[in-house]
Amino acid sequence: MLQGHNALFEDLFNSKWIQFATAEDAFPMDILERDAEYEVRVAVPGACKEDISVTLEKGNLHINASSKEVSKEDKFLLRGLKKFSYKRIIPNIAEYNIKSDTISSTYKDGILSIIMPKEEEEKPKTIEVSIE
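Residues numbered from 1 in each chain as written. Predicted model: local features only at pLDDT ≥ 70, side-chain atom pairs only at ≥ 80, totals over all residues. Heavy atoms only, no water.

(A) The arrangement of the overall build of the protein in detail. A count of helices and strands for the protein gives one helix and seven strands. Looking at the 132 residues of the protein, the share that counts as buried comes to 23%. In the protein, of all internal contacts separated by at least 6 residues, the share reaching a separation of at least 24 is 52%. Put simply, the protein shows about 10,500 Å² of open surface, and 52% of that area lies on carbon and sulfur atoms. (Helix = DSSP H or I, 4+ residues; strand = E, 2+ residues; numbered from the N terminus. Buried < 20%, exposed > 50% of the residue type's maximum accessible area, 1.4 Å probe, protein only. Contact = heavy atoms within 4.5 Å. Areas by Shrake-Rupley, 256 points an atom, 1.4 Å probe, with all protein chains shown as cover.)

In structure tokens, the structure reads:
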């Protein structure tokens with residue numbers, strides 16, 4: 001059992017994605033790898049679709065989310081939900097073999113899902129040698 005945990009920690013800390021582990025001042029994020037794509041899942045409860053942006057700029061994927069300010073006319077008896085503004089950047093996504101022109105995103109039930117399809121790996125090509 002302990003051996004399985006050690007392998008899990010080794011995989012985590014040797015992962016090229018470790019730099020994106022959630023920091024205290026950022027929204028929680030998961031990155032999944034599948035055969036044909038990566039999926040980034042970001043928890044942004046309380047944000048409206050209009051307050052979320054995913055942009056690709058100079059090879060970097062920028063994820064921004066914020067909540068709106070509540071009406072000043074509202075009288076709170078208890079206030080635990082705070083206004084937030086988060087930003088994450090996944091730099092140089094070409095390094096991860098991603099087709100940048102086909103990245104897509106959806107937002108449902110407080111979870112932003114960004115699908116980043118992988119480029120097909122270049123297969124070895126046999127070149128026929130002609131004899132003259």
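More follows now that the structure is in view.
(B) Region of interest: the environment of Lys82. Along the polypeptide, Lys82 turns up in the loop between β4 (60–66) and β5 (85–90). A relative accessible area of 63% places Lys82 in the exposed class. Sequence separation between Lys82 and Glu69 is 13 residues; the distance between their C-alpha atoms is 8.7 Å.

(C) Local environment of the sheet that holds strand β6 (residues 104–108). Spatial ordering of the open sheet is given by β1-β2-β7-β6, a layout of four strands whose pairing is antiparallel. Bordering the open sheet on either side are β1 (29–33) and β6, each of which pairs with just one other strand. In this sheet, neighbouring strand axes are inclined to one another by 15° on average, regardless of whether the strands run parallel or antiparallel. Judged from the five bridges that link them, β6 and strand β7 (residues 111–117) form a sheet pairing that is antiparallel. Directly across from Tyr107, in β7, lies its bridge partner Leu112. (Pairing = 2+ DSSP bridges. Axes fitted to C-alpha atoms, helices over the stretch in contact; angles between N-to-C directions.)

(D) The pairing of strand β3 (residues 52–57), seen in detail. Pairing of β3 with β4 involves six bridges; the strand directions are antiparallel. Residue pairing in the sheet places Leu56 in a bridge with Leu61 of β4.

(E) Inspection of the nonpolar core at higher detail. The biggest cluster of nonpolar side chains holds 19 residues, and the ones touching the most others in it are Val40, Val42, Val44, Ile63, Leu112, Ile114 and Met116. For this core, the secondary structure elements donating two or more residues are β2 (37–43), β4 and β7. With sequence-adjacent residues up to four places away left out, Val44 is seen in contact with Phe27, Ile52, Ala65, Tyr107, Gly110 and Leu112. (Core = buried A, V, L, I, M, F, W, Y, C linked by side-chain atoms within 4.5 Å.)

(F) Main features of the sheet that holds β3. Taken together, the three strands give an open sheet; going across it, the order is β3-β4-β5, and neighbouring strands pair in antiparallel fashion. Two strands in the sheet have a free side with no partner beyond their single neighbour: β3 and β5. Put simply, the sheet's adjacent strands are angled 15° from each other on average, direction ignored.

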